[in-house]
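Residues per chain are reported as follows:
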Amino acid sequence: MIRKALIRGWNVPDAVIELEVSSLALMERMVRTGGLVLAMLLATAVSALIPIIDFIAVPLMLIATVIVGISSLNRTKVIKGGAGKCPHCDSPFRIYPRRYTLPFTDVCEHCHRQVSIVDENQSAVPLSFIANIFRYGLL
Ligand SMILES: [Zn+2]
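Residues numbered from 1 in each chain as written. Predicted model: local features only at pLDDT ≥ 70, side-chain atom pairs only at ≥ 80, totals over all residues.

Describing the packing of helix H1 (residues 26-47) against helix H2 (residues 54-74)
Where we set the bar: Fitted lines through C-alpha atoms serve as axes, helices being fitted only where they are in contact, and the angles separating the N-to-C directions of these axes extend from 0 to 180 degrees. The way it works is that DSSP assigns letters per residue, a run of H or I at least four long becomes a helix, a run of E at least two long becomes a strand, and they are numbered from the N terminus. When describing relative orientation, an angle under 35 degrees is termed roughly parallel and one over 145 degrees roughly antiparallel, while 65 to 115 degrees is termed roughly perpendicular and anything else oblique. The contact criterion used here is simple: two residues whose C-beta atoms, placed from the backbone, lie within 7 Å are in contact. For this classification, the nonpolar set comprises Ala, Val, Leu, Ile, Met, Phe, Trp, Tyr, Cys and Pro, the charged set comprises Asp, Glu, Lys and Arg, and every other residue, Gly included, is treated as polar.
Interhelical geometry of H1 versus H2 gives an angle of 175° and a closest axis separation of 9 Å. Here H2 runs roughly antiparallel to H1, going by the angle between their axes. Between H1 and H2, the residues in contact are Arg29, Arg32, Thr33, Leu36, Val37, Met40, Leu41, Ala43, Thr44 and Ser47 and Asp54, Ala57, Val58, Met61, Leu62, Ala64, Thr65, Val68, Gly69, Ser72 and Leu73, respectively. When grouped by side-chain class, the residues that make up the contact of H1 with H2 number twelve nonpolar, six polar and three charged.

Structure, rendered in structure tokens:
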């Protein structure tokens, strides 16, 4: 499914970007989660062999395995990719496969400026503006 979103820069007009969004069936999610949980359990088993650390690492990794497993099972959509144009330098902008969240930030491969990919109906206040307020302690 192709979904349109906006790519938003700093002090430049928004551009349209197309995201290829894919819904995951229950079986696909279970296979993904199974592989992830198996890898984490393997890492937990390896950490159990390290003296002293095993007292803390094993329980924490078991808890993390449960949390990651549940969040992976609940993930029903993924972004398979996307293409558009950078609002700053007008060069092609690619979105690589990632989990489905909107909005998110990315960096242009050409001009290395940060942009926000937002829903088409998102408010006009750029996310980077709000992030910069907290980053530079302007409040
Ligand atoms: Zn750019």
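Read on for the rest.
Overview of the pairing of strand S1 (residues 2-8)
Using the following cut-off: At least two bridges found by DSSP between two strands are what make those strands a pair.
Bridge analysis of S1 against strand S2 (residues 15-23) gives six bridges, and the strand direction is antiparallel. Bridging across to S2, Ile7 finds its partner in Ala15. In sequence, S1 turns back onto S2 through a hairpin of six residues, with Asn11 there showing a positive phi of about 60°. Strand direction decides the pairing type here: S1 and strand S7 (residues 114-119), joined by four bridges, are antiparallel. Residue pairing for S7: Ala5 is matched across the bridge by Asp119.

Quick notes on the domain arrangement of the protein
Let me state the cut-off plainly: Residue ranges assigned to the domains are those given by an automatic or database domain assignment.
What the domain assignment lists for the protein is domain 1 (2-23 + 76-135) and domain 2 (26-74). Relative to domain 2, the C-alpha centre of domain 1 lies at a distance of 31 Å.

Re unusual backbone geometry
Note the cis peptide between Leu102 and Pro103, where omega equals 0°. Here Pro103 lies in the loop between strand S5 (98-99) and strand S6 (104-107). You will see that Asn11, though not glycine, has its phi angle at about 60°, which is positive. Tracing the chain through its elements places Asn11 in the loop between S1 and S2.

With respect to the environment of Val37
What counts is decided by this rule: Exposed residues have 12 or fewer other C-beta atoms within 10 Å of their own C-beta, buried residues have 20 or more, and residues in between are partly exposed; the C-beta atoms are placed from the backbone.
Along the chain, the position of Val37 falls in helix H1. The partly exposed category is assigned to Val37, around which 16 C-beta atoms lie within 10 Å. Taking C-alpha positions, Val37 is 28 Å from Met1, a pair spaced 36 residues apart along the chain. Apart from the residues within four sequence positions on either side, Val37 is in contact with Thr65 and Gly69.

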